[in-house]
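Secondary and tertiary structure notes
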Amino acid sequence: MPSKPQRIEVVLETLIESITLAEEVGVRVAATAGFDEDDQYKIGLAVHEAVMNAFQYGNRQQRERKIKILFELFPEKLVIHVTDQGAGFQLADVPDPREDENVLGDSGRGCLLMKAFMDEFDVLVSEAGGAEVVMAKRSRRPISQGV
Amino acid sequence: MSFKAVSREVGGVTVIDMDGRITLGEGSDLLRDLISEKLGAGQKKIVMNLAGITYIDSTGLGELVAGYRHVKSQGGEIKLMNLNKKVSDLLQITKLYAVFDIHNDEAQAVASFQF
């Protein structure tokens, strides 16, 4: 068994097209790693939401800023890091859109969907100070390391 | 598949048949404009037929909510119809299922408006 996970890194410009592109890469990595169609959709949507967050709120639609996606394939799970070059944010500051006072609001649904569709979800501050979304999906069978 | 929407009138209710994806840059702007256009034309009873919608992200959900608020503020209502499992799951997770009046049958959706 390899001691280090297989890593796939993708760096995207802050463009609206990068959101769908990242989603498609996420679905492809998930499919190749052996996740079923339902999990592929959930992983793709989680990547879509993380990159959309980086595009809108982190990098504030400034094309020259980069969005980095790192896929790490462990035997038991797929870990995904999405890092932007913005000012970062605290997960505790994101409103819960399920609360009565927020349900008709505009914020918090992206984080809620990532949390709901992945087995692990957190938001860290990257070394450069931007937001780093870290999320993981466990696999029901060992993930192929030959992706 | 990109977003498409076609509207028609059924018994005094505007039914909007939608296809494709409602995401940031792929439908959310068009949806907002369409709702504003309908309100501008005095059409405040709206059923959104989501049968052809294959994908919605959080921006798309936010646009449905914004449309709901906008129409409600004008004394009307938006109802949803024909949600597939993926869309239905998203509305359950976000608790929007409790906000919208949701139907699986067009005649029932149209008749549910109080005239």
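Going by the structure above, here's the rest.
Structural notes, computed from the coordinates. (Residues numbered from 1 in each chain as written. Chains lettered and ligands numbered in written order. Predicted model: local features only at pLDDT ≥ 70, side-chain atom pairs only at ≥ 80, totals over all residues.)

**Describing the packing of helix α1 (residues 28-40) of chain B against helix α2 (residues 58-73) of chain B**
Residue and element names in this part refer to chain B. At a minimum axis distance of 9 Å, the contact between α1 and α2 shows a crossing angle of 10°. Viewed along their axes, α1 and α2 adopt a mutual orientation that is roughly parallel. Along its contact with α1, which presents S28, L31, R32, I35 and L39, the element α2 presents T59, G60, E63, A66, G67, H70 and V71. Looking at the contact of α1 with α2 residue by residue, the class counts come to five nonpolar, five polar and two charged. (Axes fitted to C-alpha atoms, helices over the stretch in contact; angles between N-to-C directions. Helix = DSSP H or I, 4+ residues; strand = E, 2+ residues; numbered from the N terminus. Parallel < 35°, antiparallel > 145°, perpendicular 65-115°, else oblique. Contact = placed C-beta atoms within 7 Å. Nonpolar A, V, L, I, M, F, W, Y, C, P; charged D, E, K, R; others polar.)

**Some details on the pairing of strand β3 (residues 77-83) of chain A**
Residues and elements named next belong to chain A. Taken together, the six bridges between strand β2 (residues 66-73) and β3 define a ladder with antiparallel strand orientation. Counterpart to F71 in the pairing with β3 is I80. Pairing of β3 with strand β5 (residues 131-138) involves seven bridges; the strand directions are antiparallel. Looking at the pairing, V79 lines up with A136 of β5. (Pairing = 2+ DSSP bridges.)

**As for helix α1 (residues 17-32) of chain A**
Residue and element names in this part refer to chain A. Between its first and last C-alpha, α1 extends 23 Å over 16 residues, near the 22 Å set by a 1.5 Å rise per residue. Among the residues making up α1, those that are buried are S18, I19, T20, A22, E23, G26, V27, V29 and A30. Immediately downstream of α1, the backbone of G34 shows phi near 100°, a positive value. (Expected span 1.5 Å × (residues − 1). Buried ≥ 20, exposed ≤ 12 C-beta atoms within 10 Å, placed from the backbone.)

**What about the nonpolar core?**
All names here are of chain A. In terms of nonpolar packing, the biggest core is built from 38 residues, with A46, V47, V51, L78, V82 and M114 touching the most fellow members. Counting only elements with at least two residues in this core, the list comes to α1, α2 (37-58), β2, β3, α3 (109-117), β4 (120-125) and β5. Of the residues forming this core, the biggest block, nine residues, is contributed by α2. The residues contacting A46, other than those within four sequence positions of it, are M114, F117, M118 and M135. (Core = buried A, V, L, I, M, F, W, Y, C linked by C-beta atoms within 7 Å.)

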